[in-house]
Amino acid sequence: DTGVSQNPRHKITKRGQNVTFRCDPISEHNRLYWYRQTLGQGPEFLTYFQNEAQLEKSRLLSDRFSAERPKGSFSTLEIQRTEQGDSAMYLCASNTILGRGQPGELFFGEGSRLTVL
Amino acid sequence: AQTVTQSQPEMSVQEAETVTLSCTYDTSENNYYLFWYKQPPSRQMILVIRQEAYKQQNATENRFSVNFQKAAKSFSLKISDSQLGDTAMYFCAFMTSVGTALIFGKGTTLSVSS
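Notes on the structure follow. The shown structure was predicted, so the numbers you read here are calculated from the model rather than taken from an experiment.

## A short note on the sheet that holds strand β1 (residues 5-7) of chain A
All names here are of chain A. Here four strands make up an open sheet; going across it, the order is β1-β3-β8-β7 and the pairing antiparallel. Two strands bound the open sheet, and with one partner strand each, they are β1 and β7 (65-68). For this sheet the average axis-to-axis angle between neighbouring strands, irrespective of direction, equals 15°.

In structure tokens:
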């Protein structure tokens, strides 16, 4: 069990550029979540997938944001035309649904820190 | 909409002492799950303890225990015999029984000193 892996760990970009983050969840987990966390704040939910289906998107996920999980394994989060307000830590997490519909523990990656200059 | 409120931005405690972190939440659901997560400085978030709303007994994990008051929608975390390694940001979080997104509070920064 290698845990949830996120790449790159840190990305510095200029305003207006596009960036893409990748998340590799724990292999047997069918649910994958993306969160955004700014300094000193709690994580804010962006979107989640069950297998390859994107089941929920937050209103925080503007048109410039897109997430995919093409084969139900790894996921990518792309931000187009980045703005300074996009600077944050982007966290990925995964879990599975246990028997009787109980949610399993959510395991988090170390995050991808985005700095937009 | 579900909300989670942590009213203590920062707390300090001495080693070996006991500290309680507060959390309240708002929901119209009857079945849900509550969690406390720990985020050490520059490290990933890890689960501390979880509580199912249908269980009346408060959850306990070694030095960590919760006081779950369903009617009051309160879910506090008690850390006994605090250790330096407990220094971290602690987040209270909520999930409905459907198992959708985990909703977090703004967090409490806990500092444990010797």
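Still more to cover.
## Observations concerning unusual backbone geometry
For the bond from N7 of chain A to P8 of chain A, the omega torsion is -10°, close enough to zero to count as cis. With respect to the helices and strands, P8 of chain A occurs in the loop between β1 and β2 (10-13). One non-glycine residue with positive phi stands out, namely A16 of chain B, at about 80°. With respect to the helices and strands, A16 of chain B occurs in the loop between β2 (10-14) and β3 (19-21). Exposure remark for A16 of chain B: the relative accessible area of 53% places this residue in the exposed category. Unlike most non-glycine residues, K73 of chain B shows phi in positive territory, near 55°.

## Side note on the interface of chain B and chain A
Contacts between chain B and chain A engage 21 residues on the former and 22 residues on the latter. Counting each side, the surface lost to burial between chain B and chain A is near 1700 Å², with a carbon and sulfur contribution of 52%. Broken down residue by residue, the surface that chain B buries against chain A is led by Q44, M45 and F104 of chain B, which jointly contribute 24%. At the surface where chain B touches chain A, the tally comes to zero salt bridges. Taken together, the links from chain B to chain A amount to five residue pairs in polar contact (both at pLDDT 80 or more). For the side of chain B that touches chain A, the elements supplying multiple residues, two or more each, are β5 (32-39), β6 (46-52) and β10 (88-96) of chain B. A breakdown of the residues in the side of chain B that touches chain A according to their chemical character gives 12 nonpolar, six polar and three charged.

## So, the state of the cysteines
What the rule picks out here adds up to two disulfides over all chains. Each sulfur of the disulfide joining C23 of chain A and C92 of chain A lies 1.9 Å from the other. Note on the C23 of chain A and C92 of chain A pair: the S-S dihedral is about -70°, so by sign convention the disulfide is left-handed. Of this pair, C23 of chain A sits in strand β3 (residues 19-24) while C92 of chain A sits in strand β9 (residues 88-95), placing them 69 residues apart in sequence. The pair C23 of chain A / C92 of chain A is uniform in exposure class, with both members buried. A sulfur-sulfur distance of 2.0 Å marks the disulfide that ties C23 of chain B to C92 of chain B. In this structure the cystine formed by C23 of chain B and C92 of chain B twists about its S-S bond by roughly -70°; its chirality is therefore left-handed. Of this pair, C23 of chain B sits in the loop between β3 and β4 (24-26) while C92 of chain B sits in strand β10, placing them 69 residues apart in sequence. Look at C23 of chain B and you get buried, because its relative accessible area is 2%. Residue class for C92 of chain B comes out buried when judged on its relative accessible area of 0%.

## Some thoughts on the pattern of salt bridges
All names here are of chain A. Going through the model one piece at a time under the given rule, you end up with nine salt bridges over all chains. We note a salt bridge from E110 to R9, for which the minimum N-O separation is 3.6 Å. Within this pair, whereas E110 is found in the loop between β10 (107-108) and β11 (112-116), its partner R9 is found in the loop between β1 and β2, the two being separated by 101 residues in sequence. Overall, the relative accessible area of 37% leaves E110 in the partly exposed class. Each of R64, E83 and D86 takes part in one network of salt bridges that share partners.

What counts, and where the lines are drawn
- The numbers attached to residues start from 1 for each chain and follow its sequence in the written order.
- Chains and ligands are labelled sequentially in the order written, the chains with letters from A and the ligands with numbers from 1.
- Local features are withheld for residues below a pLDDT of 70 in this predicted model, meaning they are given only at 70 or higher, and side-chain atom pairs are given and counted only at 80 or more; totals for whole chains, interfaces and linings count all residues.
- Only hydrogens and water are set aside when side-chain values are computed; all heavy atoms of the structure are taken into account.
- DSSP calls a pair of strands paired once it identifies at least 2 bridges connecting them.
- Each helix corresponds to a stretch of at least 4 residues labelled H or I by DSSP, and each strand to a stretch of at least 2 residues labelled E; elements are numbered beginning at the N terminus.
- What counts as an axis is a line fitted to C-alpha atoms, over the stretch in contact for a helix, and the angles between N-to-C directions run from 0 to 180 degrees.
- Burial classes follow relative accessibility: with a 1.4 Å probe on protein chains only, a residue under 20% of its type's maximum area counts as buried, one over 50% as exposed, and anything between as partly exposed.
- In what follows, residue pairs with any heavy atoms lying within 4.5 Å of each other are defined as contacts.
- In this description, buried area is defined as the sum, over both parts, of the accessible area (probe of 1.4 Å) that is lost when the two are combined.
- The salt bridge criterion pairs a side-chain nitrogen of Lys or Arg with a carboxyl oxygen of Asp or Glu, the two atoms within 4 Å.
- Two N or O atoms count as a polar contact when they lie within 3.5 Å, although within protein this holds only if one can serve as hydrogen donor and the other as acceptor, and sequence-adjacent residues are included solely when both atoms are side-chain atoms.
- Asp, Glu, Lys and Arg are counted as charged, while Ala, Val, Leu, Ile, Met, Phe, Trp, Tyr, Cys and Pro are counted as nonpolar; the rest, among them Gly, fall into the polar class.
- Cysteine sulfurs are considered disulfide-paired once they come within 2.5 Å of each other.

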